[in-house]
Amino acid sequence: MLERLPTPWGLVRLGVAPDHPNIKAVSRAFERIAQQPGFRFFGNVEVGRDVTAQELRELYDAVVYAVGAQTDRSLGIPGEELAGSWAATEFVAWYNGHPDFQHLEFDLSHERAVVIGNGNVALDVARMLALTPEELAPTDTTDAAIKAINEAGVREIVVVGRRGPVQAAWTPVEVGELGELAGADILVDPAELELDETSAAELEAAPPTVKRNVEHLRDYAKRAPSGKPRAIRLRFLRSPAAILGEERVEGIELVRNELVGGRAVPTEEREMIECGIVFRSVGYQGVPLPGVPFDERSRTIPNEGGRVEPGLYAAGWIKRGPSGVIGTNKKDATETVELLLEDARAGKLPPRTGGSLEELLAGRGAEPVLYAGWEAIDRAERAAGEPHGRPRVKLCSWDELLAAGRAK
Ligand SMILES: Cc1cc2nc3c(=O)[nH]c(=O)nc-3n(C[C@H](O)[C@H](O)[C@H](O)COP(=O)(O)OP(=O)(O)OC[C@H]3O[C@@H](n4cnc5c(N)ncnc54)[C@H](O)[C@@H]3O)c2cc1C
Ligand SMILES: NC(=O)c1ccc[n+]([C@@H]2O[C@H](COP(=O)([O-])OP(=O)(O)OC[C@H]3O[C@@H](n4cnc5c(N)ncnc54)[C@H](OP(=O)(O)O)[C@@H]3O)[C@@H](O)[C@H]2O)c1
């Protein structure tokens, strides 16, 4: 397993919200796999930088790309590049301790933050901004992020969906836990939950998860604010038309949408919301790897069931696009591996020319972090967290990670 970071487990470590430790615990299942004979980890090795795709093909019988979706989708509206307009990807990577994002400075001094998107990442961002010091303290959120969130002036977090409550992409557990937050009221305008005929019919025929989402929202719409220090306001059928401001974000212009054939179509009705920070949470997207086929439209590696061609495979978000929970990737990976084994049994895997990855990396001056190095990082982080009742205190600079990971 080759990984550009010194640490394994992708978004489980650096995406999943720190107040969801039970979900992060899936890494224990990965650790068991890592104990299998024949498994080796090479962290701090980037495909395309330290080793080429072609070299991997020559070294190994088969290569599976599971590189995820490394960047964010943009909105394509004026003002998107203003200071204070952030991709959710950046904020998430920052509070989770991703070493490439620790230099970012989020100015949370403003009273209102706006989050665009109605997926689970949008809810993660809104919830993280709303957590109380007591809720943050037992997590592995970085110290810098805990301090910034605790000291934030943010009083209201507005989450804006371009379609209606029935079409939201989030899931019931995540919507439901908003209602349990110690420090934030959830505000929903009952008028925005009124469904047009098509949405009402869609809800009638919808799976139970969608029905539960809407039940939660109807429950919130009935609640009176209880005076908690922060509030999360859920808005629907609104698209951002422009992010406003001279030097930095001062507001956002929203346009009201109508649903036509399930699509959000803008009306003439516009409104302006004052805010000091905007998080664009409208999905991730894959990036091409040199020497590996890439479909620009879907931003994935073109494949059939995970097979690109015998010897070359894809799994996870780079195979099917940036959606699905951790469990989805298990089924997805199984499908890929079955095809790989089928090709192996049929003798279709291309011959390898041999050589050793270690020698190749050593020749380039690369400094891989091996599994024992990751275990050393893991031990150091857990030991730092233990006295404070936290699962870990993450090392989050490249220097610290590489120093701790030098154990062989
Ligand atoms: C913010 C967020 C929160 C989430 N929370 C949950 C949750 O609570 N529960 C849940 O079930 N699912 C959650 N998900 C979804 C889940 O994280 C994904 O389904 C899953 O991580 C996708 O796995 P993947 O292997 O495709 O990609 P990733 O997890 O992104 O792993 C890809 C890995 O490839 C590495 N890589 C990239 N390029 C290279 C290269 N050139 N060379 C070497 N290595 C490379 C990356 O560094 C990364 O470690 C969340 C997703 C996000 C974005
Ligand atoms: N706790 C968890 O289980 C958890 C936590 C985080 C993430 N995840 C998973 O990770 C995956 C990725 O999550 P995600 O939230 O990044 O993506 P997502 O689920 O695809 O949601 C993206 C949201 O952005 C909206 N959107 C897209 N383009 C837009 C635009 N131009 N203007 C306004 N809104 C726009 C979408 O609306 P439309 O529907 O109208 O396109 C949708 O509401 C999902 O499968 C998610 O469930 C799970």
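These notes cover the structure that comes with them. Source: prediction; values computed, not measured.

1. Quick word on the environment of glutamate 246
Mapped onto the elements, glutamate 246 comes out in the loop between β8 (238-244) and β9 (251-260). Counting along the chain gives 24 residues from glutamate 246 to arginine 270, while the straight-line C-alpha distance between them is 20 Å.

2. Some thoughts on a negative patch on the surface
A cluster of acidic residues, Glu246, Glu247, Glu250 and Glu274, forms a negative patch at the surface. Looking at the element boundaries, glutamate 274 is found in strand β10 (residues 263-274).

3. Section: unusual backbone geometry
Despite not being glycine, asparagine 44 has its phi angle at roughly 60°, a positive value. With respect to the element layout, asparagine 44 can be found in the loop between α3 (27-34) and α4 (53-59). When its relative accessible area of 10% is taken as the criterion, asparagine 44 is described as buried. Of note, arginine 299 is a non-glycine position whose phi angle comes to about 55°, a positive value. With respect to the helices, strands and loops of the structure, arginine 299 is situated in the loop between β12 (284-285) and β13 (307-309).

4. Description of the sheet that holds β10
Across the sheet, three strands lie side by side as β8-β9-β10; this open sheet has antiparallel pairing. With partners counted over all chains shown, the strands left at the sheet margins are β8 and β10, one partner each. Mean inter-strand twist for the sheet, computed between neighbouring axes without regard to direction, equals 25°.

5. Regarding the environment of glutamate 386
Tracing the backbone through its elements, the reader meets glutamate 386 in the loop between α15 (371-385) and α16 (398-404). Residues glutamate 386 and glycine 48 lie 338 residues apart in sequence; the distance between their C-alpha atoms is 38 Å.

6. Here's the deal with the side chain of serine 239
When you line up the elements, serine 239 lands in strand β8. Its relative accessible area of 15% is what places serine 239 among the buried residues. Residues within four places of serine 239 in sequence aside, it is in contact with Arg162, Glu253, Leu254, Val255 and Asn257.

7. A few points about the pairing of strand β4 (residues 112-116)
Burial of β4 is extensive: four of the five residues sit out of reach of the surface. Bridge count for β4 against strand β5 (residues 156-160) is five bridges, and the pairing is parallel. Residue pairing across strands places valine 114 opposite valine 158, the latter belonging to β5. Bridging between β4 and strand β11 (residues 277-280) involves four bridges; their strand directions are parallel. If you follow valine 114 over to β11, its bridge partner there is valine 278.

8. Concerning the site of ligand 1
Close to ligand 1 lie 26 residues, the nearest being Glu3, Leu11, Trp317, Gly324 and Ile326. Contact distances for ligand 1 include 3.1 Å between a nitrogen atom and a backbone N or O atom of arginine 4. Here an oxygen atom of ligand 1 sits 3.0 Å away from a polar atom, N or O, in the side chain of asparagine 329. Here ligand 1 has 1,000 Å² of accessible area as a free molecule, and 88% of this is covered by the chains. Residue assignment for the shell around ligand 1 shows that the elements contributing at least two residues are α1 (10-14), α6 (120-130) and α13 (326-345).

Each value, and the rule that gives it
- Residues numbered from 1 in each chain as written.
- Chains lettered and ligands numbered in written order.
- Predicted model: local features only at pLDDT ≥ 70, side-chain atom pairs only at ≥ 80, totals over all residues.
- Heavy atoms only, no water.
- Helix = DSSP H or I, 4+ residues; strand = E, 2+ residues; numbered from the N terminus.
- Patch = residues over 30% accessible without salt bridge, like charges linked within 9 Å, V, L, I, M, F, W, Y side chains within 5 Å.
- Areas by Shrake-Rupley, 256 points an atom, 1.4 Å probe, with all protein chains shown as cover.
- Salt bridge = Lys/Arg side-chain N within 4 Å of Asp/Glu carboxyl O.
- Lys, Arg positive; Asp, Glu negative; His and termini not counted.
- Charge placed at Lys NZ, Arg CZ, Asp CG, Glu CD.
- Buried < 20%, exposed > 50% of the residue type's maximum accessible area, 1.4 Å probe, protein only.
- Pairing = 2+ DSSP bridges.
- Axes fitted to C-alpha atoms, helices over the stretch in contact; angles between N-to-C directions.
- Contact = heavy atoms within 4.5 Å.
- Near = heavy atom within 4 Å.
- Polar contact = N/O pair within 3.5 Å; in protein donor to acceptor, adjacent residues only side chain to side chain.

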